[in-house]
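Reading the structure
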Amino acid sequence: MAQRACDCGYVSPRKPDADVPPGLLLVDKAGGMTSHDVVARARRVLSVRKVGHAGTLDPMATGLLVLGVGAATRLLGYVGGHDKTYEATIRFGQSTVTDDREGEVLATASTAHLDDDAIGAALSAQTGPLQQVPSSVSAVKVDGRRSYDRVRAGEDVELAARSVTVHRLDVHRIERPTPDLVDVDVTVSCTAGTYIRAIARDAGAALGVGGHLTALRRTASGPFSVDRAAPVEEAGAALAAGGGDGFLPLPLAATTVFPTRAVTEEEARAIGYGQRIPATGAADLHAAIDPEGRLVALLEDAGTSARVAVGFPAA
């Protein structure tokens, strides 16, 4: 007997992942959601299982979160390592347990003695190559478990410093909401793995007054911009429609990240059989696109031939 819809909690059957076109969803994440929440919502919207994300965003943060659907999840390991751009508001005069506004205030100190030049100098010192210690309530894994899970379980966690680079930190506005606090709006361009919370914390420590984030928004990740992103429901609708803001079909997604190498039908067939094709002498990975516009593989040269780094067999 055929199932019928009703208002008693009926959920339509899950579609096979093969019925959903693979690609990247460019999601403009709302505040209050974890990256896992966004993935779970995308799975519900699309009725598919194979969805992943490239680079987490804290629940407080908003902005660009790149999701992969279907075969496009194979691109996520390459997408997540790109440079990032953020807009943030740093508050000096308070330090918190999480280095952002969601954590308990640990200490306060007046900023009344600080002028704009001192604040700018402290932030300027947070540019270039840095040895940065992530917050203990970050998503960094320690022996297989997230650091924030260990902290919530009552453990004392001290994370090792990591090498990051802040390419640019631009100060746009310095405001004093009270005589003892300073709020600073900044744009930060940095390598993947940089914690903007740690910049606020460390600049505040250098000034001797403490610091934390009150707002954070990711505006770019590699070649992808939040200007092309949409809420997860709208991005999912764009995927279902085959195009629109928030969705990049698999070939376009790959050629946005990697240089394109056009391959012939014979070369595409050889790649599909796991065979190598002649090298081009080009450096790094290339997206191999066949005459019909299909992504065949990510290729890299190995001597005189090009080998498959990641394959995308025809459905």
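By the naming in an unreviewed UniProt entry, the protein chain goes by tRNA pseudouridine synthase B and is assigned to Blastococcus haudaquaticus. The annotation that UniProt attaches to the protein chain under Sequence similarities (unreviewed entry) is "Belongs to the pseudouridine synthase TruB family. Type 1 subfamily."

Some points on the overall build of the protein chain
What the protein chain contains, in helices and strands, is eight helices and 19 strands. Within the protein chain, the fraction of its 315 residues that count as buried is 45%. Within the structure as shown, the protein chain displays about 15,400 Å² of accessible surface, and the carbon and sulfur contribution to it stands at 50%.

Structural notes on helix α7 (residues 250-257)
Taken residue by residue, α7 has Leu250, Ala253, Ala254 and Val257 as its buried positions. Taken end-on, α7 shows its buried residues confined to a sector of 95 degrees, consistent with a single buried face. Turning to α7, the residues buried within the fold contact β1 (23-29), α2 (76-79), β13 (224-225), β14 (247-249), β17 (286-289) and β18 (295-302).

Let's talk about the packing of aromatic side chains
Scanning the model with the defined rule gives one aromatic pair in all. Ring plane angle 75 degrees and centroid distance 5.7 Å describe the contact between Tyr78 and Phe258, whose orientation is recorded as edge-to-face. Note that Tyr78 is positioned in helix α2 and Phe258 in the loop between α7 and β15 (260-262), a separation of 180 residues in sequence. Tyr78 gets classed as partly exposed once you look at its relative accessible area, which sits at 32%.

A closer look at the environment of Ala237
Here Ala237 shows up in helix α6 (residues 232-241). Classification of Ala237 as partly exposed rests on a relative accessible area of 45%.

Points about the sheet that holds β15
Read across the sheet, five strands follow the order β15-β17-β18-β19-β16 without closing on themselves; strand pairing throughout is mixed. In the strand order of this sheet, the two ends are held by β15 and β16 (277-278), each with one partner. Where α7 meets the sheet, its contacts fall on β15, β17 and β18, and the angle it forms with β17 comes to roughly 145 degrees.

Scoring rules and cut-offs
Residues numbered from 1 in each chain as written. Predicted model: local features only at pLDDT ≥ 70, side-chain atom pairs only at ≥ 80, totals over all residues. Heavy atoms only, no water. UniProt positions renumbered as here; feature names shortened; annotations may be inferred. Helix = DSSP H or I, 4+ residues; strand = E, 2+ residues; numbered from the N terminus. Buried < 20%, exposed > 50% of the residue type's maximum accessible area, 1.4 Å probe, protein only. Areas by Shrake-Rupley, 256 points an atom, 1.4 Å probe, with all protein chains shown as cover. Arc of directions from axis to C-beta. Contact = heavy atoms within 4.5 Å. Phe/Tyr/Trp six-rings, centres within 6.5 Å; stacked < 30°, edge-to-face > 60°. Pairing = 2+ DSSP bridges. Axes fitted to C-alpha atoms, helices over the stretch in contact; angles between N-to-C directions.

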